[in-house]
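Letter by letter, the chains look like this.
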Amino acid sequence: MLFEPFRIKNVAFANRVLRSSLGGRMAYYDGTVSPAFVHFEKRFADGGVAAIISPTISINQKRMSPLEYPSLHDDRFVKPLRHAVNEIRAGSDCRYIVQLGDTGGHSHTSIKPQIEDRISASSFFDVLYGYHNRSIKMSEEDIEAVVTDFANAARRVAEAGCDGVEITASKGYIIHQFLNPVTNRRTDKYGGSVEKRFQLLQEVVQRVRQEVGDGFLFGIRLSAKDFNWLPINIRIPWPPVIWPPRHYFIGNDLPETTYYAKRLEQLGVDYLHIDSGFGFPNPKGSPGDFPDEGLHIFVNATSYLSGKATARAAVYNLVPRPIRKAVFGFGWRFKPAANADFAAAMRRVVGIPIIANGGFQDRSVIDGALSDGKCDMVAIARPLIANPDLLKQFEKGLERPENPCSFCTLCCSHTAVFPLGCYDERRFESREDMLNQVIALCSPQAPFALTGKRLDNDHAETDL
Ligand SMILES: Cc1cc2nc3c(=O)[nH]c(=O)nc-3n(C[C@H](O)[C@H](O)[C@H](O)COP(=O)(O)O)c2cc1C
Ligand code: SF4
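Residues numbered from 1 in each chain as written. Chains lettered and ligands numbered in written order. Predicted model: local features only at pLDDT ≥ 70, side-chain atom pairs only at ≥ 80, totals over all residues. Heavy atoms only, no water.

With respect to the sheet that holds strand β12 (residues 271-275)
Now for step 1: Taken together, eight strands build a closed barrel; the order of strands is β3-β4-β5-β9-β10-β12-β13-β14 and the barrel is parallel. Averaged over all neighbouring strand pairs, the angle between strand axes comes to 25°, with direction disregarded.
Now for step 2: When strand β4 (residues 51-58) meets strand β5 (residues 95-101), the two strands line up parallel, connected through six bridges. Directly across from T56, in β5, lies its bridge partner Q99.
Now for step 3: Where helix α6 (residues 199-212) meets the sheet, its contacts fall on β9 (164-169) and β10 (217-223), and the angle it forms with β10 comes to roughly 165°. (Pairing = 2+ DSSP bridges. Helix = DSSP H or I, 4+ residues; strand = E, 2+ residues; numbered from the N terminus. Axes fitted to C-alpha atoms, helices over the stretch in contact; angles between N-to-C directions. Contact = heavy atoms within 4.5 Å.)

This is how it looks when you write it as structure tokens:
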């Protein structure tokens, strides 16, 4: 079933596997996509995935976080993106969907601390996500500006000739901050009930659809369950309130998120891309080992940005590793097809296609989720970093790559600071081999996989 073609709206997909978003430092400092971006993305198109979903691309010049990630906050980015996407798709059947997002109060990094990285639905203290001490409640004008930023960026995606646009209402980013009851304590039309927390997403969907037109593929990435009880997810509203406790321990669960799914279908969204959790990285969205080493590097690299960031790094440096793992590592473990049952729950309530995300690497697991009717397509990230030619390996009859992804999750925690790549030394003959792979991954000379097979040298000629 994995190799059966599929269609959503007017976009034909050669098979059922999409490369899920992989954000990394692959743009110039102003957010323009670079040849490194093309070289990185092209290997997945050449490896046979039906489509690539881009990294989360910023929509606002003020919140370009992490640094050197691509942006679409201005019309000047359209032409370079068009060239890049044409180059990535050339010679394959691969489609290119751009995912747009705004970090809001979860902004990871900045050159200098700035107030724009603090805005959110309400004021709250967050232990891990975001570098600032406390988020600031947005005014209605701030909200209107975010809706306009999404609409303008979506128009640019269509103008660049991409095959579709996806908006992230997941990952703990700004729309998710409005959906989640613990981070949205508003009492105006944007908060206070399940329906009102949906208001920002509804406005974004309506304005994006107006900009891209009815014929353009438009999907939403949605978290099926927030898991607010995870220690890594702790948020304290400011001023502190403890009622209702359900908001602290659960957040949104399927009763709320299936309601969101139905509303999104009514609003004319073409597909839903389902994961879970709240924040990136998160044990439910990226099921696997606790990436202690990567988080250690991240909190130290960002420690200069605020009092909280300094204290966070100090705690991380002083608390012994086993205790860090016991507290923050609680809930981290690998689960195959981690969100497939959530995808199935969504599929039962809506008629639009459902993409399941997280924990797909074995062929039988992918085929099982598809043939059991849990989802229409699957999106894969880490196993494709480890083996960009995963589909070609399946075609040869392998159930699982010989050198599979271990789901150590280090790539997730390193990506905001270090080059995007595989950081699990166990998968390489030596530490030097691992580092060579990392520093070469976005170059035209990079090994295609760990087999030593190299990309076509034609790709070295990319000129944006
Ligand atoms: C290095 C890295 C960067 C990622 N960047 C993004 C991103 O920019 N946007 C996003 O929505 N998800 C991002 N993700 C999450 C993945 O798209 C995916 O949901 C997650 O890794 C679980 O899928 P997997 O088990 O196939 O890896 C990233 C994951 C990794 C490993
Ligand atoms: S660092 Fe490598 S092995 Fe670990 S999760 Fe990422 S791709 Fe997989």
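Details of the packing of aromatic side chains
Any aromatic ring pair is given by two values, namely how distant the centres are and how the planes are angled relative to each other.
Now for step 1: In this structure the tally under the stated criterion is twelve aromatic pairs.
Now for step 2: Ring geometry for F227 versus W229: centroids 6.0 Å apart, planes at 75°, classification edge-to-face.
Now for step 3: Here F227 falls in the buried class, since its relative accessible area comes to 9%.
Now for step 4: Between the aromatic rings of W229 and F330, the centroid separation amounts to 6.3 Å while the plane-to-plane angle is 75°, which identifies the pairing as edge-to-face. Taken together, the residues W229 in the loop between β10 and β11 (235-237) and F330 in the loop between α11 (321-327) and α12 (340-349) connect sequence positions 101 residues apart.
Now for step 5: A connected cluster of aromatic rings, assembled from ring pairs, spans F227, W229, F330 and F342.
Now for step 6: Taking NZ or CZ as reference, R19 lies 4.8 Å from the ring centre of F44, over its face. (Phe/Tyr/Trp six-rings, centres within 6.5 Å; stacked < 30°, edge-to-face > 60°. Buried < 20%, exposed > 50% of the residue type's maximum accessible area, 1.4 Å probe, protein only. Lys NZ or Arg CZ within 6 Å of the ring centre and 35° of its normal.)

Examining the site of ligand 1
Now for step 1: Around ligand 1 there are 24 residues in total, and S20, S21, T56, R221 and R382 lie nearest to it.
Now for step 2: At a separation of 2.7 Å, an oxygen atom of ligand 1 approaches a polar backbone atom of S21.
Now for step 3: Contacts to ligand 1 include T56, whose side-chain N or O atom sits 2.6 Å from a nitrogen atom.
Now for step 4: Compared with its free state, where it exposes 610 Å², ligand 1 has 99% of that area covered by protein.
Now for step 5: If you list the elements that add at least two residues to the shell around ligand 1, you get β4, α14 (382-386) and α16 (410-414). (Near = heavy atom within 4 Å. Polar contact = N/O pair within 3.5 Å; in protein donor to acceptor, adjacent residues only side chain to side chain. Areas by Shrake-Rupley, 256 points an atom, 1.4 Å probe, with all protein chains shown as cover.)

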